[in-house]
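These are the residues of each chain, in order.
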Amino acid sequence: MTIRLLDPTTINRIAAGEVVERPASAVKELVENALDAGSTQIDITIRDGGQSLIVVRDNGSGMSRDDLELAVERHATSKLPDDDLMNISTMGFRGEALPSIGSVSRLSLTSHDVTTNQAWILSVEGGQKHDVIPANLTKGTIVEVRDLFFATPARLKFLRTPKTEQGHIVDVVTKIALANPTVGFSLRDETRQLFDYAPADSLKDRLADVLGADFVQNALGIEGARDYAHVSGYVGLPTLHRSTNQHQYLFVNGRPVQDKLLGGAVRAAYADLVARDRHPMLVLSLTLPTDYLDVNVHPAKTEVRFQDTQLIRNLIVSTVRQHLTQVSHLTSTTIHQAAMDAIQLFEPRGEHRRPSSFVHMTTEHNHSHGGHHGTPKGFTTYAPQKAFETMGAHVLEARRVFSEPDPMDIMLNDDTSIGYLGRAVAQVYETYIVSQTETDMIITDQHAAHERLTYEKMKRQLSDHGVVKQSLLIPEIVEVTEPQREALLELRTELETLGLTIDAFGLTSIQIKELPSLLAGVDAKALLQDIADQLTHMSPTLTLQEKVYEICAELSCKGSIKAGRKLSVPEMNQLLRDMEITPFSGQCNHGRPTYIKLRKADIEKLFGRT
Amino acid sequence: MKITLDKNIFLNALNQAGGIVERKHTMPILAHILLQIKDHSLMMSSTDLDISLVETFPVTVEEGGKVALPAHLLNEIVRKLPDQPVYLTRSNGQVVLECGASKFNISCLNGDDFPAIGNGDSYAFKFTMKAWELRYLIDKTKFAMSMEETRYNLNGICLHVTESKGDVVLRAAATDSHRLACAQVQVPEGAESMPSIILSRKTVLELSKFLEKHEGDIQVALSGFQACFKAGDSFMSSRLIDGTFPDYERLIPYDNQKVVVADKKHFLEAVERVSLISFDKMRPIKLNIHDNRIDISAPSSEFGSAKESVDAQYSAEPLDIGFNGRYLMDLSHISSEGQVEIRLQDSATAALITDVGDDASLTILMPMRV
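So, a few notes on the structure that sits alongside this text. (Residues numbered from 1 in each chain as written. Chains lettered and ligands numbered in written order. Predicted model: local features only at pLDDT ≥ 70, side-chain atom pairs only at ≥ 80, totals over all residues. Heavy atoms only, no water.)

**Examining the overall build of chain A**
Then, number 1: In terms of helices and strands, chain A carries 23 helices and 25 strands.
Then, number 2: Counting the 610 residues in chain A, one finds 50% classified as buried.
Then, number 3: Counting every atom, chain A has about 29100 Å² of accessible surface; 52% of that belongs to carbon and sulfur. (Helix = DSSP H or I, 4+ residues; strand = E, 2+ residues; numbered from the N terminus. Buried < 20%, exposed > 50% of the residue type's maximum accessible area, 1.4 Å probe, protein only. Areas by Shrake-Rupley, 256 points an atom, 1.4 Å probe, with all protein chains shown as cover.)

**Describing helix H2 (residues 23-36) of chain A**
Residues and elements named next belong to chain A.
Then, number 1: Across its 14 residues, H2 extends 20 Å between first and last C-alpha, which sits within 8% of the 20 Å expected from 1.5 Å per residue.
Then, number 2: By the burial criterion, the buried members of H2 are Pro23, Ala24, Ser25, Ala26, Val27, Lys28, Glu29, Leu30, Val31, Glu32, Ala34 and Leu35.
Then, number 3: Positive backbone phi, at 80°, marks Gly38, one or two positions downstream of H2. (Expected span 1.5 Å × (residues − 1).)

**A look at the pattern of salt bridges**
Then, number 1: Within this structure, the stated rule accounts for 40 salt bridges over all chains.
Then, number 2: For A:Asp503, the salt bridge goes to A:Arg492, with nearest N and O atoms at 3.0 Å. Taken as a pair, A:Asp503 in strand E23 (residues 501-505) and A:Arg492 in helix H19 (residues 492-497) lie far apart in primary sequence, eleven residues in all.
Then, number 3: A residue is classified by how much of its surface remains accessible, and A:Arg492, at 31% relative accessible area, is partly exposed.
Then, number 4: A salt bridge links A:Glu580 to A:Arg577; the nearest nitrogen and oxygen atoms lie 3.0 Å apart. Of this pair, A:Glu580 and A:Arg577 both sit in helix H22 (residues 569-581), separated by three residues, roughly a single helical turn.
Then, number 5: Beyond isolated ion pairs, a larger network of salt bridges with shared partners links A:Lys469, A:Glu496, A:Glu514 and B:Arg369. (Salt bridge = Lys/Arg side-chain N within 4 Å of Asp/Glu carboxyl O.)

**Remarks on the sheet that holds strand E11 (residues 229-236) of chain A**
Residues and elements named next belong to chain A.
Then, number 1: Across the sheet, which stays open at both edges, the five strands sit in the order E10-E11-E16-E13-E14 with mixed pairing between neighbours. The sheet terminates laterally at strand E10 (219-226) and strand E14 (255-256), the two strands that pair on one side only.
Then, number 2: Its contacts with the sheet place helix H9 (residues 260-269) against strand E13 (248-252) and strand E16 (282-287), and it is angled at close to 125° to E13. (Pairing = 2+ DSSP bridges. Contact = heavy atoms within 4.5 Å. Axes fitted to C-alpha atoms, helices over the stretch in contact; angles between N-to-C directions.)

**Topic: the packing of H2(A) against helix H4 (residues 97-104) of chain A**
All names here are of chain A.
Then, number 1: Two elements in contact, H2 and H4, have axes separated by 10 Å at closest approach and are oriented at 140°. By the angle between their directions, the pair H2 and H4 is classed as oblique. In this structure, H2 crosses over H4, and the sense of that crossing is left-handed. Here Ala26, Glu29, Leu30 and Asn33 of H2 come into contact with H4, specifically with Ala97, Leu98 and Ile101.
Then, number 2: A breakdown of the residues in the contact of H2 with H4 according to their chemical character gives five nonpolar, one polar and one charged. (Parallel < 35°, antiparallel > 145°, perpendicular 65-115°, else oblique. Left-handed = near helix turned anticlockwise from the far one by under 90°. Nonpolar A, V, L, I, M, F, W, Y, C, P; charged D, E, K, R; others polar.)

**A short note on the packing of helix H6 (residues 162-179) of chain A against helix H7 (residues 203-211) of chain A**
Residues and elements named next belong to chain A.
Then, number 1: Interaxial distance between H6 and H7 falls to 9 Å at its minimum, and their mutual angle equals 155°. Between H6 and H7, the interaxial angle falls into the category roughly antiparallel. Residues Thr174, Ala177 and Leu178 of H6 form the contact with H7, whose participating residues are Leu203, Arg206, Leu207 and Val210.
Then, number 2: Of the residues belonging to the contact of H6 with H7, the class tally is five nonpolar, one polar and one charged.

**Observations regarding the sheet that holds strand E5 (residues 60-63) of chain B**
Residue and element names in this part refer to chain B.
Then, number 1: Ordered in space as E5-E1-E7-E8-E9, the five strands form an open sheet in which the pairing is antiparallel. If you trace the sheet from one side to the other, it starts and ends with E5 and strand E9 (102-107), each paired once. Averaged over all pairs of adjacent strands, the angle between strand axes in this sheet comes to 20°, irrespective of strand direction.
Then, number 2: In this sheet, E5 lies alongside strand E1 (residues 2-5) in antiparallel orientation, the contact comprising three bridges. Bridge pairing links Ile3 to Val61 in E5.
Then, number 3: Across the sheet, helix H2 (residues 71-80) touches strand E8 (94-99) and E9, and the angle it forms with E9 is around 175°.

**With respect to unusual backbone geometry**
Apart from glycine, the bulk of residues carry a negative phi angle, and the bulk of peptide bonds sit in the trans form.
Then, number 1: Despite not being glycine, A:Glu430 has its phi angle at roughly 50°, a positive value.
Then, number 2: Here A:Glu430 shows up in the loop between strand E19 (423-428) and strand E20 (432-436).
Then, number 3: Even without a glycine there, the phi angle at B:Lys165 is positive, about 50°.
Then, number 4: Residue classification places B:Lys165 among the exposed residues on the basis of a relative accessible area of 80%.

**Some words on the interface of chain B and chain A**
Then, number 1: Tallying the contact residues gives 26 residues for chain B and 24 residues for chain A.
Then, number 2: Counting the surface lost from both chain B and chain A, the interface buries some 2200 Å², and carbon and sulfur atoms represent 57% of this.
Then, number 3: Along the contact surface separating chain B from chain A lie three salt bridges.
Then, number 4: The partner of B:Arg369 in a salt bridge is A:Glu496, with the nearest N and O atoms 3.5 Å apart.
Then, number 5: At the boundary of chain B with chain A, the tally comes to six residue pairs in polar contact (both at pLDDT 80 or more).
Then, number 6: Among the secondary structure elements, those contributing two or more residues to the side of chain B that touches chain A are strand E14 (179-186), strand E21 (293-301) and strand E27 (368-369) of chain B.
Then, number 7: Residues that form the side of chain B that touches chain A fall into these classes: twelve nonpolar, seven polar and seven charged.
Then, number 8: One ladder, built from two bridges, connects strand E22 (residues 469-479) of chain A with E27(B); its direction is antiparallel. Paired with A:Lys469 across the strands is B:Arg369, a residue of E27(B). (Buried area = accessible area lost by both parts, 1.4 Å probe. Polar contact = N/O pair within 3.5 Å; in protein donor to acceptor, adjacent residues only side chain to side chain.)

Next up, the structure:
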């Protein structure tokens, strides 16, 4: 068989395989083009999950007739003015998107040229370009993609259901919308408007639109800088978590990315605050000069490379952690709300009737007063008292353990230092502390709370007194790859401050000479191997730190008061006061909340007092 | 089967069997012990498939036979019985146990289903040694065995023949990689070419109990995978740990020049008192050794700090060194009386610790950087 050059259409179709993996990637490319054109409103319409139709309409700068012709040529772009790949500031730059899409679909581009005040339309069908003809458009560009992948049946076969593909499109546009809060985005399919985000003044407003009010209420804005890099965004409270990391939005210079390094940094920042299998919600935006960054890693540009990964990592971990410290004693309001909902949604005696809402109940109640005497119909089925019973707050129980206030207690009560956790009133089930402030009733899990206090105290002691190191009689020899060996040796000083002393041993081995004494009994070989494995994507020292803290957590669990221990009122008050001043006291070491808050106003509503 | 036993002898044997039989099992027979009549004796066998024990003791036999009974249940029953003869009779798939006014019907399993236990007669290598010698080797070293499951070759005691100051000796060594203990006895006759073996932690602990009961001569039989210790008609056999023990000889710092000698009891008591203050579970302590004194201190913790001085003989230049207090306190397992001699080099290298007057055992302890 002879060797020949492939014809351009085939080349484009091959490239399309990389760039346009599914309808969502086409949408992404087109929306990014629109952003690069300086648009402030981008409207997207899709049909059949984007397979039969994608229309992206923007109000950007538009293209001239000549540009239109060039746009669908491979490696033609308006975005690399100096051919400088070191300095990429636009979303696109490879000049692959339009020709790739054009080669696998029926594409038409309509654009209004500002300079000549004329509009033109160009269509491409399976890579075959038609002539440019005049069109009617007063602003921006409309890109229409029909029958995506009709020219590549193989790819067509691998498309998922329209519903799935639509989900991917929503996901892609959502990410872009979060990265560009000042631009308006709308997305609709054949039947309905999926979303319509008006141009927002700030990320916060956009967040409320996209992630919901819950997130905004329980997130805090962060900002930090180190050398040339800058990070900002919103991070959720540790008690606001999800089962996947889908709700972690990471942007680098406005580009949504999925990056192991960043993911690892997030995990590190939330270490010991969120359970291992839960993921916090956050939106982080990283800005850094383009020459410290390589975005040209993958055609879809979801991966980036940083010149100094350590700096980026440290920036994220320290910024997030530092901000979390300030609010870490709080638990997410969603939890408090959930507690309230649990009371309100109570279904008495298994009747499958949801009490619609209390507003409704009150009106019925009032109405019945006007109408007739006797128990109002709605009121018997809706029994808040019953709900309280299932909540576990037996009035009797509370009374039994209620301690008479003693002089010590009164002394404490007069103290103005009582904070947001209020004054302890009672202990129920010898497990939960009930306390009150003027506006809230708070239920605290004594074991979870005390565990966190003990743990934080231990961590403080470790950092105050330094790590005690136990030398090994027989050094552990661990085989590693050569790059790992080099990297580990570079980290030698850092590891040593954490109590792990290592040294070179032969060409492919490391010997462990000293271990943190806390880790006696831990498999040192496996530990170093873990550290080595983490070298590539996240800070390896974290592995060691985590291990040390894990042991501390175990010890603190054992060293804490247990559920089932009776506490006197002064003891309870002391615990609450300690919580108020201890960082991260809003969740136990496993990420569970330590307390829930019921607003007095909500309780009053339950009893129809408002 | 129909027999009469002395309650206390029975209980004693059951106690040791209880240490071997695991409480939880997927194979029910392994939670049982085998009772088997041989002439005028009862052979009681227990096994966890790694370690097996056969204790033989005289009983009054009316009718022979064998039967497997649940080990832990039997142990608990016999423990609570009055001090009176115990009658065991097999009837209709159950064993009737009578003692005083109590009567139990205990479900049993067929004795033939019990795994066969080898008595070591066929093992290639055999020699005889005194029970007290074997006890000495174990008692002076077992505290240093590793608990770390991943380093299985350290989870026990290594027994091997070596040369020490011109003598051929049988030596025991144990290490958890922070410290090492060894002890040696004159090599028993016939053991000169014994292969090096590692006895597992459980074997060591059970063998220790076995040796408490059996004084006199112990016949040791070894195969490539098994060791058997036999005293009369009773024996214990165990699978060996398949691994190599580190070459520890070169780690022993015979050249350490700075020698401090102190009263062991006073010294260890002081260590124990001082380490009370430390919050760390490892109880780090610091020794400041100078002019015939050891100042023992614990680094300050949230609970405060502590200090204590003990008299010692020491004339080299002053030296500061940190140790894991627990490891020091473990030295009392070797002996708790007399004088202890600690030979040091500097604050970063291993210390060699011996009891004055006991040339046959030693401990090496790595320092801790406090």
